[in-house]
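Structural overview for review
Listed below are the residues making up each chain.
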Amino acid sequence: MTTNSGKGIDWDGELQALMESSGIKLAELVRPKWTVRARRRVLGARAFMAAVVITGPLMWLTAASGAPEAAVVPVLVWLAGWIGYGAWLSAGRPDWSITAHTARDLGTAAFHAMSRFYFAHSRPIRAWWRARRVARTRAALTEATA
């Protein structure tokens with residue numbers, strides 16, 4: 001391994017040497033087109049798509065069968081579990097740490113999106129409330145001075 005003047009391992013140099021020894025030319029690396037990236041992502045989700053394609057009609061058939069709810073709900077939950085298993089496989093079988101961090105990031109993003117939405121849509125109410133408060137303050141000041 002190459003060293004960085006005795007201060008540690010030169011990881012960039014090691015990676016570059018490994019890529020060159022594997023036949024990857026660094027000067028020719030380009031980012032794939034969006035169509036290639038999208039196709040790879042779709043093909044990477046084959047397990048999830050297969051689970052949805054297989055269990056979706058089974059869930060519909062089970063729900064429309066007319067069987068009692070006590071029998072239908074456990075079957076639907078079990079089939080939904082298979083969809084979740086397909087999603088887990090398509091995500092590359094993440095461990096609990098990755099799953100927890102992903103759930104936290106998704107929850108934070110959802111909270112931020114909701115708070116931005118409600119802040120933007122509550123603007124007319126907030127403007128009305130400020131105007132009402134200013135009018136009441138003015139009225140109280142004019143009564144006090146009169």
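Our structure is the block above this text.
Since this is a predicted model, take the numbers as computed values, not measurements.

**Some details on the packing of helix 5 (residues 96-121) against helix 6 (residues 123-145)**
As a packed pair, helix 5 and helix 6 sit with axes 4 Å apart at the nearest point and diverge in direction by 50°. For the element pair helix 5 / helix 6, the angle class is oblique. Contacts between helix 5 and helix 6 pair Phe119, Ala120 and His121 from the former with Arg123, Pro124 and Arg126 from the latter.

**Quick word on helix 3 (residues 46-63)**
With 18 residues, helix 3 should cover 26 Å at 1.5 Å per step; its first-to-last C-alpha distance of 25 Å lies within 8% of that length. Looking at the buried residues of helix 3, the elements they touch are helix 4 (69-90).

**Focus on the packing of aromatic side chains**
Following the criterion strictly, the structure yields five aromatic pairs and no others. Note on Trp128 and Trp129: the rings are 6.2 Å apart at their centroids and 50° apart in plane angle, and the pair reads as tilted. On the basis of relative accessibility, which here comes to 53%, the residue Trp128 falls in the exposed class. A connected cluster of aromatic rings, assembled from ring pairs, spans Trp78, Trp82, Tyr85 and Trp88. Looking at Arg126, its charged tip hangs above the ring of Phe119, at a distance of 3.8 Å from the centre.

Quick notes on the rules
- Residues numbered from 1 in each chain as written.
- Predicted model: local features only at pLDDT ≥ 70, side-chain atom pairs only at ≥ 80, totals over all residues.
- Heavy atoms only, no water.
- Axes fitted to C-alpha atoms, helices over the stretch in contact; angles between N-to-C directions.
- Helix = DSSP H or I, 4+ residues; strand = E, 2+ residues; numbered from the N terminus.
- Parallel < 35°, antiparallel > 145°, perpendicular 65-115°, else oblique.
- Contact = heavy atoms within 4.5 Å.
- Expected span 1.5 Å × (residues − 1).
- Phe/Tyr/Trp six-rings, centres within 6.5 Å; stacked < 30°, edge-to-face > 60°.
- Buried < 20%, exposed > 50% of the residue type's maximum accessible area, 1.4 Å probe, protein only.
- Lys NZ or Arg CZ within 6 Å of the ring centre and 35° of its normal.

Don't take any of this as a statement about function, it's just geometry.
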